[in-house]
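Chain by chain, the residues run as shown.
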Amino acid sequence: MDNLNADLLILGAGPAGLTAAQYGARANLKVLVIEQLAPGGQALLIDKLENYPGNIGGKSGFEISQDMHRQAESFGAVFRTESATALVKEGEVFRITLGNNETLRSLAVIIATGSKYRTLDIPGEAEFYGRGVSYCATCDGPFFKNKKIFVVGGGDAACDEAQFLSRLSEQVVLIHRRDRFRAQKALAERVLRNPGIETRFNTRMLEIRGQGQVTSVVLEHTGTGKKYEEGADGVFVFVGAHPQSSLVSGVGTDENGYIVTNQNMETSIPGLFAAGDVRASPFRQVVVAAGEGAIAAHRVAGYIDTIKGEAYS
């Protein structure tokens, strides 16, 4: 166990990873967090985090992520901006290879790599990405102020982002291929009451068209099969996500690739834990990810005590 870079290495700095970093550092573990982008993960896309318990003053996901990052650092967690390319376990030590070919070694690992947005896989989507097609309303919404915007999806993200976009334009059209939203009831009802959002159920997008920039979309009514083209300036897609679990091999996953754990966030590989949106869970929210991160770090502390022969009996 010599030459360890950390007791606990956390891959990903979304709400789960940030919370795990705080709890791990507070347990007097040497914690190292690897994040290839900015701390916060998909929480960075939340315009206003209104359903997190307690009075947080209606902060944005970015603001909350910054708070969590600073808090974890204040307890001693160390953060590095890098990508991880390989993870293997050798005896009781995990070896993690980074994108710069550096190798790190730790006693335990928490996978908190989250998920990545799904695409529609329709003509024009890839071609016009960054030129009218976006997957982040808070990032790109201001470019479409007072313009006609289509939002695709029916879950929490689609409803939340449509709400945000309606503050920038009164021409927001939210389409969903089913006859009702799958979003939380409060979110869905707020969208339906919003005069700045036109909701079209039983509608799917077939194509995105344009010349240099998005100029129109082709839609289909799923009930009648009627197809029609309509002018558009922007298309925002929120149709779910893929778990970022490909780094881990030999671990149990569900049919969609989400990592399966027990209630202690333990995977099928001892010392390897998972938390947040990469984990198989019936409910994906910031508060859930934070709770899972806390549990994972707590169990890591016990796991490390055990392999060091220091477990309390």
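Residues numbered from 1 in each chain as written. Predicted model: local features only at pLDDT ≥ 70, side-chain atom pairs only at ≥ 80, totals over all residues. Heavy atoms only, no water.

Asks: Help me out: how do you make sense of the packing of helix H4 (residues 156-165) against helix H5 (residues 185-193) in this one?
Replies: Angle between the axes and distance between the axes: these two values describe a pair of packed helices. At a minimum axis distance of 9 Å, the contact between H4 and H5 shows a crossing angle of 40 degrees. It follows from the interaxial angle that H4 and H5 lie oblique. In this structure, H4 meets H5 at a crossing whose hand is left-handed. Residue-level contacts link Asp156, Cys159, Asp160 and Gln163 of H4 to Leu187, Ala188, Arg190 and Val191 of H5. Classifying every residue of the contact of H4 with H5 gives four nonpolar, one polar and three charged. (Axes fitted to C-alpha atoms, helices over the stretch in contact; angles between N-to-C directions. Helix = DSSP H or I, 4+ residues; strand = E, 2+ residues; numbered from the N terminus. Parallel < 35°, antiparallel > 145°, perpendicular 65-115°, else oblique. Left-handed = near helix turned anticlockwise from the far one by under 90°. Contact = heavy atoms within 4.5 Å. Nonpolar A, V, L, I, M, F, W, Y, C, P; charged D, E, K, R; others polar.)

Asks: Could you clarify how one ought to interpret the nonpolar core in this entry?
Replies: When a protein is soluble and globular, its nonpolar side chains tend to lie buried together. The biggest cluster of nonpolar side chains holds 37 residues, and the ones touching the most others in it are Leu8, Ile10, Ala21, Val31, Phe79, Ile110 and Val300. Of all the secondary-structure elements, those providing two or more residues to this core are strand E1 (6-11), helix H1 (15-26), strand E2 (31-35), helix H2 (61-74), strand E6 (103-111) and helix H6 (286-307). Of the residues forming this core, the biggest block, nine residues, is contributed by H6. Apart from the residues lying within four places of it in its own chain, the contact partners of Ile10 are Gly17, Ala20, Ala21, Val31, Leu32, Val33, Ile34, Ile110 and Ala112. Counting residues in each nonpolar core, the second largest holds 20 residues, with Leu165, Ile197, Phe236 and Phe238 among its members. (Core = buried A, V, L, I, M, F, W, Y, C linked by side-chain atoms within 4.5 Å. Buried < 20%, exposed > 50% of the residue type's maximum accessible area, 1.4 Å probe, protein only.)

Asks: How should I be thinking about the sheet that holds strand E14 (residues 227-231) in this particular structure?
Replies: The pairing of strands in a sheet happens through backbone hydrogen bonds and is either parallel or antiparallel. An order of E12-E13-E14 is seen for the three strands of this open sheet, with the pairing classed as antiparallel. Unpaired on one side and paired on the other, strand E12 (203-211) and E14 mark the two borders of the sheet. For this sheet, the mean inter-axis angle between neighbouring strands, taken without regard to orientation, is 25 degrees. In this structure, E12 lies alongside strand E13 (residues 213-221), joined through eight bridges in antiparallel fashion. Within E13, the residue paired with Arg209 across the bridge is Ser216. (Pairing = 2+ DSSP bridges.)

Asks: Mind showing me how you'd approach unusual backbone geometry here?
Replies: Comment: phi is negative for the bulk of residues other than glycine, and the bulk of peptide bonds are trans. Of note, Asn101 is a non-glycine position whose phi angle comes to about 75 degrees, a positive value. As for its position among the elements, Asn101 is in the loop between strand E5 (93-98) and E6. Judged by relative accessible area, Asn101 falls into the exposed class, the value being 67%. Unlike most non-glycine residues, Asn202 shows phi in positive territory, near 50 degrees. Given the relative accessible area of 26%, Asn202 is considered partly exposed.

Asks: In this structure, what is going on with the sheet that holds strand E15 (residues 234-237)? I would like to understand it.
Replies: One open sheet accounts for five strands, arranged E8-E15-E9-E10-E11; its pairing is parallel. Of all the strands in the sheet, the pair left with one neighbour each is strand E8 (133-134) and strand E11 (197-200). With two bridges connecting them, E8 and E15 associate as parallel partners. Looking at E15, one finds that Val133 is bridged to Val235.

Note that all results are geometric; they support no functional claim without further evidence.
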